[in-house]
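An overview of the molecular structure
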Amino acid sequence: MTHTPRQAPGKIPGRNPGQPAGRDSAWRLLPDGLELRVKAQPRARRPGLHGLVESADGPRLKLAVNEAPEDGRANKAICALLAEALHVPPSRIAVVHGAAAREKTCHIAGDPAALAALLSERLETLA
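Residues numbered from 1 in each chain as written. Predicted model: local features only at pLDDT ≥ 70, side-chain atom pairs only at ≥ 80, totals over all residues. Heavy atoms only, no water.

A short note on the overall build of the protein chain
This is how it is decided: A helix here means a DSSP run of H or I that spans at least four residues, while a strand means a run of E at least two residues long, and both kinds are numbered starting from the N terminus. Only protein chains enter the accessibility calculation, which uses a 1.4 Å probe; a residue is then buried when its area is under 20% of its type maximum, exposed when over 50%, and partly exposed in between. Contacts are assigned to residue pairs with any non-hydrogen atoms lying within 4.5 Å of each other. The method behind every accessible area is Shrake-Rupley, applied with a 1.4 Å probe, and residues are considered shielded solely by the protein chains displayed.
For the protein chain, the helix and strand inventory stands at 2 helices and 6 strands. Walking the protein chain from its N terminus toward its C terminus, one meets helices and strands in the order β-β-β-β-α-β-β-α. The buried share of the protein chain, reckoned over its 127 residues, is 40%. In the protein chain, of all internal contacts separated by at least 6 residues, the share reaching a separation of at least 24 is 48%. Accessible surface, the protein chain as shown: approximately 8,000 Å² in total, 51% of it carbon and sulfur.

Spelled out as structure tokens, the structure:
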């Protein structure tokens, strides 16, 4: 019989205190950057970041762009919007899942802690 150590209530093994847990947050820290889950609204009248929204699999960052979802134009606009908001070059942002869907996952290359802090700060100004 193997012994499994007990965890203190509310503690998540292997998680830093500042790091959001799995599906409790719209982002996840990675060794090379940040994975951000977004809900996109193409052809929007008011482009920009619009805060967090609940989704079937957890919260997502809602953002709107003017471009139509044709030929990847909306995805490029999403990357440009995130790049402007997080002060990184657009080449560091890529849509890695859901390129043809409204719910997408973006990878942002860079310092994960700095990106998470900046993203948290941006979300607080939206609230």
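Having seen the structure, we can now continue with the description.
Some remarks on the nonpolar core
Keep this limit in mind: Within this scheme, the nonpolar core is defined by two criteria: the residues are buried Ala, Val, Leu, Ile, Met, Phe, Trp, Tyr or Cys, and they are joined through side-chain atoms within 4.5 Å.
Of all hydrophobic cores here, the largest spans 28 residues; its most connected members are Trp27, Leu36, Leu61, Leu63 and Leu82. Mapped by element, the contributors of at least two residues to this core are β1 (27-30), β2 (33-41), β4 (58-64), α1 (73-86), β6 (103-109) and α2 (112-126). Residue contributions to this core peak at 9 residues, all from α1. Each residue touching Leu61, except ones within four places of it in the same chain, is listed here: Ala26, Leu36, Arg37, Val38, Lys39, Leu49, Gly51, Leu52, Leu82, Leu119 and Leu123.

Some thoughts on unusual backbone geometry
The phi dihedral of Asp71 is positive, around 55°, even though this residue is not glycine. Its identity as a non-glycine residue notwithstanding, His87 has a phi of 55°, on the positive side. Its place among the elements puts His87 in the loop between α1 and β5 (93-97). Given a relative accessible area of 64%, His87 falls into the exposed group.

Structural notes on the pattern of salt bridges
What counts is decided by this rule: A carboxyl oxygen of Asp or Glu within 4 Å of a side-chain nitrogen of Lys or Arg is what we treat as a salt bridge.
Applying the stated criterion to the full structure yields 6 salt bridges. Its salt-bridge partner being Glu70, residue Arg43 comes within 3.2 Å of it at the nearest N-O pair. Of this pair, Arg43 sits in the loop between β2 and β3 (48-55) while Glu70 sits in the loop between β4 and α1, and the two are 27 residues apart along the sequence. Judged by relative accessible area, which is 55%, Arg43 ranks as exposed. On the basis of relative accessibility, which here comes to 38%, the residue Glu70 falls in the partly exposed class. Notably, a salt bridge pairs Asp57 with Arg60, separated by 3.2 Å at the nearest N-O pair. On the basis of relative accessibility, which here comes to 33%, the residue Asp57 falls in the partly exposed class.

Topic: the pairing of β4
This is how the line gets drawn: The rule for pairing is simple: two strands pair if DSSP sees at least two bridges between them.
Counting buried positions over the 7 residues of β4 gives 6, a clear majority of the element. One ladder, built from 4 bridges, connects β2 with β4; its direction is parallel. Each bridged residue has a counterpart across the sheet, and for Gln41 the counterpart in β4 is Ala64. Pairing analysis gives 6 bridges linking β3 to β4, with the strands arranged antiparallel. Among the inter-strand pairings, Val53 is bridged to a residue of β4, identified as Arg60. In this structure, the hairpin formed by β3 and β4 is closed by a connection of 2 residues.

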